Amino acid sequence: MERRDIATALRQALEQLPEKQRLAFILNKYQDLSYAEVAEVMKTSEKAVKSLIHRAKEALCAHLKPLLSELI
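Residues numbered from 1 in each chain as written. Predicted model: local features only at pLDDT ≥ 70, side-chain atom pairs only at ≥ 80, totals over all residues. Heavy atoms only, no water.

Q: Mind showing me how you'd approach the overall build of the protein chain here?
A: Within the protein chain, the secondary structure is distributed over 4 helices and 0 strands. Listing the helices and strands of the protein chain from first to last along the sequence gives α-α-α-α. Once the C-alpha set of the protein chain is aligned to its principal axes, its extents read approximately 40 × 20 × 20 Å. The proportion of buried residues among the 72 residues of the protein chain is 26%. A sequence separation of at least 24 residues applies to 52% of the contacts in the protein chain between residues at least 6 apart. By element, 54% of the accessible surface of the protein chain is carried by carbon and sulfur atoms, the whole surface being about 5,300 Å². Across the protein chain, 12 positive and 10 negative side-chain charges occur, with their mean positions spaced 4 Å apart. (Helix = DSSP H or I, 4+ residues; strand = E, 2+ residues; numbered from the N terminus. Buried < 20%, exposed > 50% of the residue type's maximum accessible area, 1.4 Å probe, protein only. Contact = heavy atoms within 4.5 Å. Areas by Shrake-Rupley, 256 points an atom, 1.4 Å probe, with all protein chains shown as cover. Lys, Arg positive; Asp, Glu negative; His and termini not counted. Charge placed at Lys NZ, Arg CZ, Asp CG, Glu CD.)

Put into structure tokens, the structure is as follows:
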């Protein structure tokens, strides 16, 4: 699988996340903001941000798992 295909699959998986999960994940992973900074941007608690990111990771893993078997 090409890098472009993987990027496309990840983008599609991100689009399927609920808005708050997607925003928290992107701010943390792609914008390199800390949990505290994400919480400030989203006007929520750091605990809520940790939960949102955890759920986003679980959903992304579940969505992308079939692709991993293709790569192995």
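Q: Explain the side chain of Gln-21 here, please?
A: Its place among the elements puts Gln-21 in helix H2 (residues 19-29). Looking at Gln-21, the relative accessible area reads 11%, which means it is buried.

Q: Whenever I open this one, helix H1 (residues 3-16) confuses me. Can you help?
A: Every α-helix carries 3.6 residues per turn, so stepping three or four residues along brings you back to the same face. Here H1 contains 14 residues, and its C-alpha end-to-end distance of 20 Å stays within 8% of the 20 Å for a straight helix at 1.5 Å per residue. Among the residues of H1, Ala-9, Ala-13 and Leu-14 are the ones counted as buried. For H1, the buried positions fall inside an angular range of 135° around the axis, keeping them on one side. Exposed residues pointing more than 90 degrees away from the buried face of H1 are listed as Arg-4 and Glu-15. (Expected span 1.5 Å × (residues − 1). Arc of directions from axis to C-beta.)

Q: Looking at this structure, how should I read the side chain of Asn-28?
A: Residue placement: Asn-28 occurs in helix H2. Given a relative accessible area of 12%, Asn-28 falls into the buried group. A distance of 3.2 Å separates polar atoms of two side chains, one belonging to Asn-28 and the other to Lys-29. For Asn-28, the residues in contact, after removing those within four places along its chain, are Leu-33, Ser-34, Tyr-35, Val-38 and Ile-53. (Polar contact = N/O pair within 3.5 Å; in protein donor to acceptor, adjacent residues only side chain to side chain.)

Q: How should the nonpolar core be read in this particular structure?
A: Side chains of a nonpolar character, in soluble globular proteins, are inclined to be buried together. Judged by nonpolar contacts, Ala-9, Ala-13, Leu-14, Leu-17, Phe-25, Ala-56, Leu-60, Leu-64 and Leu-67 together constitute the single largest core of 9 residues. For this core, the secondary structure elements donating two or more residues are H1 and helix H4 (46-71). When residues in this core are grouped by element, the largest group, 4 residues, is from H4. Contact partners of Ala-56, with chain neighbours within four places excluded, come to Leu-17, Gln-21 and Phe-25. Membership of the second largest hydrophobic core comes to 8 residues, among which are Leu-27, Ala-39, Val-49 and Leu-52. (Core = buried A, V, L, I, M, F, W, Y, C linked by side-chain atoms within 4.5 Å.)

All we've got here are geometric facts, nothing functional implied.
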